[in-house]
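Working through the structure, step by step
Here are the chains, one letter per residue:
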Amino acid sequence: MSDEKSTKPETDAQLAAKIRGSARQIWLAGLGAYTKAEEDTGKFFERLVQEGEQLESKTRGVVGKQIKSVEDRVEGVRERATGTWDKLENMFDERVSGALRRLGIHRREEIEALERRVEILETELNRLRNQAGSDEEE
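In what follows, the accompanying structure is described. (Residues numbered from 1 in each chain as written. Predicted model: local features only at pLDDT ≥ 70, side-chain atom pairs only at ≥ 80, totals over all residues. Heavy atoms only, no water.)

Comments concerning the overall build of the protein
When its secondary structure is counted, the protein shows two helices and zero strands. Taking 138 residues into account, the globule formula puts the C-alpha radius of gyration at 14 Å, and the protein, at 52 Å, lies well above it. The principal-axis extents of the C-alpha atoms in the protein amount to approximately 175 × 40 × 25 Å. Across the 138 residues of the protein, 1% fall into the buried class. A total of about 13100 Å² of accessible surface is found on the protein, and carbon and sulfur atoms cover 58% of it. With 25 positive and 30 negative side-chain charges, the protein shows a spacing of 12 Å between the two charge centroids. (Helix = DSSP H or I, 4+ residues; strand = E, 2+ residues; numbered from the N terminus. Rg over C-alpha atoms; globule rule 2.2 N^0.38 Å. Buried < 20%, exposed > 50% of the residue type's maximum accessible area, 1.4 Å probe, protein only. Areas by Shrake-Rupley, 256 points an atom, 1.4 Å probe, with all protein chains shown as cover. Lys, Arg positive; Asp, Glu negative; His and termini not counted. Charge placed at Lys NZ, Arg CZ, Asp CG, Glu CD.)

Here is the structure:
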């Protein structure tokens, strides 16, 4: 039994050293894995950013073309609609004017022209009256 006691402390010390060595290796492996994961995560993130930038530039070109195409179509429709609206407005004006003429109602321009003629006639009439009045006094 004395042999067992003398070998046992050495075995315990060796075992403790092996456990410490294994624990240290596990600890260092964990640190290495953490560092590697951190590096890989950074590289992975950078790669994702680069791929995102490439995709964005590709899609920006496609989207830009689509937007330009839609804007061109909208402009064409707007021009046609404006032209159609102008034609419709002119046709409406002509029909309303024709209906008013048939009813004997004159347009504003015609009434204004008549007012100017009346003013000219009134001015001439007043001039002639003043002239006739001064002839009688003599």
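More follows now that the structure is in view.
Here we look at the pattern of salt bridges
All chains considered together, the criterion is met by two salt bridges. In this structure, Lys68 engages Asp72 in a salt bridge whose closest nitrogen and oxygen atoms are separated by 3.2 Å. One end of the pair, Lys68, and the other, Asp72, are both in helix α1 (residues 2–102), four residues apart, so they sit about a helical turn from each other. We classify Lys68 as partly exposed; its relative accessible area is 47%. (Salt bridge = Lys/Arg side-chain N within 4 Å of Asp/Glu carboxyl O.)

Quick notes on the environment of Arg80
With respect to the element layout, Arg80 can be found in helix α1. Placed 63 residues apart in sequence, Arg80 and Ala17 show a C-alpha to C-alpha distance of 91 Å.

Quick word on a nonpolar patch on the surface
Together, Trp27, Leu28 and Leu31 make up a nonpolar patch on the protein surface, roughly 320 Å² of accessible area in all. The residue Trp27 is located in helix α1 in this model. Note on Trp27: relative accessible area 55%, which makes it exposed. (Patch = residues over 30% accessible without salt bridge, like charges linked within 9 Å, V, L, I, M, F, W, Y side chains within 5 Å.)

Things to note about a negative patch on the surface
Residues Asp86, Glu89, Asp93 and Glu94 make up a contiguous surface patch of negative charge. One can find Asp93 in helix α1. Note on Asp93: relative accessible area 39%, which makes it partly exposed.

Describing the environment of Glu109
As for its position among the elements, Glu109 is in helix α2 (residues 108–137). In sequence terms Glu109 and Ile120 are eleven residues apart; their C-alpha atoms lie 17 Å from each other.

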